[in-house]
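Understanding the architecture of this molecule
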Amino acid sequence: MAAVASNFTFPAASFPESAWSAEAAQAARAHPQPSAYRALDLELPNGGWPASVLIELLLAQPDIGELRLLAPTLTRLTQEGKTVILLAPAHISAALSDLGLDKNHLILIEADKPMDRIWAVEQAVKNVHFGALLCWLPEARPDHLRRLQLMAAANDGLTFVFRPLDAQNQSSPAPLRMLCQAATDGRMSVEIIKRRGPVHCKPIVLPLAVPAVIQRPRVARSLSSPVFEMPSYTIAHSALAATAARHRAALPV
């Protein structure tokens with residue numbers, strides 16, 4: 001697999017072009033991204049989502065509103081022309097365009113195996129400076145998380161990893177860890193279990209935004225625009241095998 005990873009790259013056309021100057025990169029590191037939830041920003045380090053670190057969100061179950069939680073931040077980033085990468089999301093229950101995200105700055109990467117997912121992220125971050133990277137890694141091992149943390153430290157965007165709630169008792173290199181559980185009336189309960197600074201005492205209940213596609217009447221939904229699509233790249237095992245074969249054939253006897 002190492003030989004494959006060293007030679008197999010994503011097509012350049014799969015990734016929007018994006019570049020930050022050194023001054024902009026330093027500014028991003030110094031200024032966290034606000035979450036749009038005042039109660040949460042008051043508890044987050046320096047008043048917002050920290051850049052260049054791994055942020056771990058532990059979910060009671062997939063698709064409990066994690067995209068709606070991050071939608072205000074992700075929307076702002078895509079509207080600023082920055083790329084948002086989604087790696088192997090468990091569900092995308094609402095059209096991302098209805099959450100306000102600009103599809104022209106979204107990339108979806110699909111991969112089945114945990115190791116493929118980590119490698120796919122490594123390839124992605126080599127090809128594009130991202131505004132945010134979202135990874136669904138329910139079976140991530142400690143070495144996977146350490147590699148993600150190293151990748152996050154080398155970039156200026158936000159790096160989120162989603163894992164099951166029962167991972168809270170496992171060690172993690174993520175400087176920021178949060179428990180996320182569904183609350184009444186479509187809200188979310190968020191508890192910070194690890195952060196730089198004082199211990200967080202009690203959960204915060206946040207009113208998540210309701211996507212426009214859900215607000216529209218059922219008949220109107222059926223007549224709405226076609227299914228949302230975004231640039232994607234699938235990790236195809238046949239392609240990986242073919243690349244590995246070419247690599248072996250090129251090696252000296």
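Scroll up for the structure.
Treat the numbers as computed from the prediction; the structure is a model and nothing was measured.

About the criteria used
Residues numbered from 1 in each chain as written. Predicted model: local features only at pLDDT ≥ 70, side-chain atom pairs only at ≥ 80, totals over all residues. Heavy atoms only, no water. Core = buried A, V, L, I, M, F, W, Y, C linked by side-chain atoms within 4.5 Å. Buried < 20%, exposed > 50% of the residue type's maximum accessible area, 1.4 Å probe, protein only. Helix = DSSP H or I, 4+ residues; strand = E, 2+ residues; numbered from the N terminus. Contact = heavy atoms within 4.5 Å. Salt bridge = Lys/Arg side-chain N within 4 Å of Asp/Glu carboxyl O. Pairing = 2+ DSSP bridges.

1. A word on the nonpolar core
The biggest cluster of nonpolar side chains holds 38 residues, and the ones touching the most others in it are Trp 49, Leu 57 and Leu 134. Ranked by residue count, the leading element in this core is helix H4 (residues 66-79), at 6 residues. Leaving out residues up to four positions away in the same chain, Leu 57 has contacts with Leu 69, Leu 70, Phe 160, Val 161, Phe 162, Arg 163, Met 178 and Cys 180. By size, the runner-up hydrophobic cluster in this structure holds 22 residues, among which are Ile 85, Ile 107, Val 121 and Val 128.

2. Let's talk about unusual backbone geometry
Positive phi is not limited to glycine here, since Ser 52 has a value of about 65 degrees. Position of Ser 52 relative to the elements: it lies in the loop between helix H3 (38-41) and strand E1 (54-59). The backbone of Asp 185 sits at a positive phi, close to 60 degrees, despite the residue not being glycine. By the secondary structure assignment, Asp 185 is in the loop between strand E6 (176-182) and strand E7 (187-194).

3. Topic: the pattern of salt bridges
Scanning the model with the defined rule gives 5 salt bridges in all. With a shortest N-O distance of 2.8 Å, Arg 177 and Glu 56 are connected by a salt bridge. Here Glu 56 lies in strand E1 and Arg 177 lies in strand E6, a separation of 121 residues in the sequence. Its relative accessible area of 0% is what places Glu 56 among the buried residues. Note that Glu 80 and Lys 82 form a salt bridge whose closest N and O atoms lie 3.3 Å from each other.

4. Some details on the pairing of E1
Of all 6 residues in E1, 6 are buried; the element is thus mostly enclosed. Taking every second residue as pointing to the same face, both faces of E1 are buried, with Leu 54, Glu 56 and Leu 58 on one and Ile 55, Leu 57 and Leu 59 on the other. Pairing of E1 with strand E5 (residues 158-164) involves 6 bridges; the strand directions are parallel. Looking at E5, one finds that Ile 55 is bridged to Phe 160. Two elements, E1 and E6, share 5 bridges in a ladder whose sense is parallel. Paired with Ile 55 across the two strands is Leu 176, which belongs to E6.

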